[in-house]
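One letter stands for each residue in the lines below.
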Amino acid sequence: MEKNSFATSTYIATSPESAFEYLCSLKNLDDWTLFSRMIEQIDEDTWLGTASGYHKNLYYHVKKLENPLFYGIEWHCGFEYNNYFQVYPVLLFPPSYIDPETDEKGVYFHWLSFVDPKRQTPMIMQGIHTVHTSETRSLKAILERQAGRSTAAKGRHFIDTDTIYVDAPINMGVKYLSDLKNMDEWAHLVRPSGEITSQSGEFRDEYDQKIKISLRLHNLSKYNLLEQENFYPDYGFYQRSVALLIPTAYAFADPEASGFILHRITFWKTDQLLAHGKLQIEDFGAESMNIKRMLEAQAGNIKSFDLGMSYIPKNQNSLITSH
């Protein structure tokens, strides 16, 4: 797993619109975060405030993400106005996106955090799991309380993720992964079995069951979102997943950073073992390793694969002492 990234998710029993409206207001960080307290409003979308992981204030900026399928935002943070070195994408998935036939209400909140390895402190990375997981719990409670609940609601699904660094140009990755004809090279649990176009095709799984697979590519802020839908026609079963392909230079605010981060978002039923499709997050992770190996070889960066799953900056000298 990519060690400079952290993701947390939860189900929230409120409407996607209510969650989006609440998250777009930076002042609400005062209520649900550990110690992000907004002190001074700089402009419509920017505040100066305190922070949980630093002994000095941060500028906080919020940006709305344009997407027809679900709501999304980005939080940006930095020590200087309009000079942000942390980016936190947030996606809000309605239950109907996960399962087109569901009658479940609410929203699935997914929060992805990047921390530039040149600027991160040991405390930041050692504490991010504890802090962001607890803050997500706090956010869930506030929004559900506002919706009239007095106890935590349980969703029918949970989100799990796999993240890996790929040392290859982002354009190469987008072109390769958005063409379904390439799936036979990197997806070891399916094989072609019929007509395959760049966006849809017929496959067989490891049990020789029929699958119809489709891909859809979307631009999302400074990166790309790739949807994959697997449909088993004999069983009426859907399995959807989302992949974010984010330029490393954008994720860590470092123009010298090459390659991209591949972040795969998957949805699993909380009370049911699946009989079809991917059965565990490791099935996605194995594919990601294959994607990394093949794309880095195409880019001529064979040695990068040996260095592991995480981005390693060329210059390891920490910049945190300069602030």
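Residues numbered from 1 in each chain as written. Predicted model: local features only at pLDDT ≥ 70, side-chain atom pairs only at ≥ 80, totals over all residues. Heavy atoms only, no water.

Engineer: Teacher, can you tell me more about the packing of aromatic side chains here?
Structural biologist: Remark: the centre distance and the inter-plane angle together describe each pair of aromatic rings, the angle taken between the planes. Counted according to the given criterion, the structure contains 23 aromatic pairs. Ring plane angle 50 degrees and centroid distance 6.0 Å describe the contact between Y59 and Y81, whose orientation is recorded as tilted. Here Y59 is found in strand β4 (residues 58–65), whereas its partner Y81 is found in the loop between β5 (71–78) and β6 (86–93), with 22 residues between them in sequence. Ring centres of F70 and Y97 lie 5.2 Å apart, and the angle between their planes is 80 degrees; on these two criteria the pair is classed as edge-to-face. A residue pair is termed long-range when its members are at least 10 positions apart, and F70 in the loop between β4 and β5 and Y97 in helix α3 (residues 95–98) qualify at 27 residues. Of the two residues, F70 and Y97, both sit in the buried class. Site record: aromatic cluster; members linked through ring pairs are W32, W75, Y88, F109 and W111. Lying across the ring of Y97, R240 places its NZ or CZ 5.5 Å from the centre. Over the ring of F284 we find K278, and its NZ or CZ is 5.0 Å from the ring centre. (Phe/Tyr/Trp six-rings, centres within 6.5 Å; stacked < 30°, edge-to-face > 60°. Helix = DSSP H or I, 4+ residues; strand = E, 2+ residues; numbered from the N terminus. Buried < 20%, exposed > 50% of the residue type's maximum accessible area, 1.4 Å probe, protein only. Lys NZ or Arg CZ within 6 Å of the ring centre and 35° of its normal.)

Engineer: Teacher, can you tell me more about the confidence of the model for the chain here?
Structural biologist: A residue-level look at the chain finds 97% of positions with pLDDT of 70 or above and a mean pLDDT of 95. This stretch, residues 317–323, has a pLDDT under 50; its non-local contacts, to residues over four places away or in other chains, come to 10 contacts. (pLDDT = per-residue confidence, 0-100. Contact = heavy atoms within 4.5 Å.)

Engineer: Help me understand the pairing of strand β14 (residues 260–269) in this model?
Structural biologist: Regular strands show a simple pattern: their side chains alternate between the two faces of the sheet. With nine of 10 residues buried, β14 is to be regarded as a mostly interior element. Relative to β14, strand β8 (residues 157–166) runs antiparallel, the two being bridged by 10 bridges. When the sheet's bridge partners are listed, I164 is paired in β14 with L262. Pairing between strand β13 (residues 237–247) and β14: seven bridges, direction antiparallel. Note on β14: the bridge partner recorded for L244 is H263. (Pairing = 2+ DSSP bridges.)

Engineer: In this structure, what is going on with the pattern of salt bridges? I would like to understand it.
Structural biologist: Oppositely charged side chains may form a pair once their charged atoms are brought near each other. Under the counting rule described, the total for this entry stands at 12 salt bridges. Between D254 and K118 there is a salt bridge; the shortest N-O distance is 3.0 Å. Of this pair, D254 sits in the loop between α7 (248–251) and β14 while K118 sits in the loop between β7 (107–114) and α4 (122–146), and the two are 136 residues apart along the sequence. Note on accessibility: D254 and K118 belong to one class, buried. Put simply, D208 and R191 hold a salt bridge, and the shortest N to O gap is 2.3 Å. Remark: R191 occurs in strand β9 (residues 190–196) and D208 occurs in the loop between β10 (200–205) and β11 (210–220); sequence separation between them is 17 residues. The class for D208 is partly exposed, based on a relative accessible area of 38%. (Salt bridge = Lys/Arg side-chain N within 4 Å of Asp/Glu carboxyl O.)

Engineer: Teacher, can you tell me more about the environment of A297 here?
Structural biologist: Assignment of secondary structure puts A297 in helix α8 (residues 281–298). Spatially, the C-alpha atom of A297 lies 8.5 Å from that of A168, the residues being 129 residues apart in sequence.

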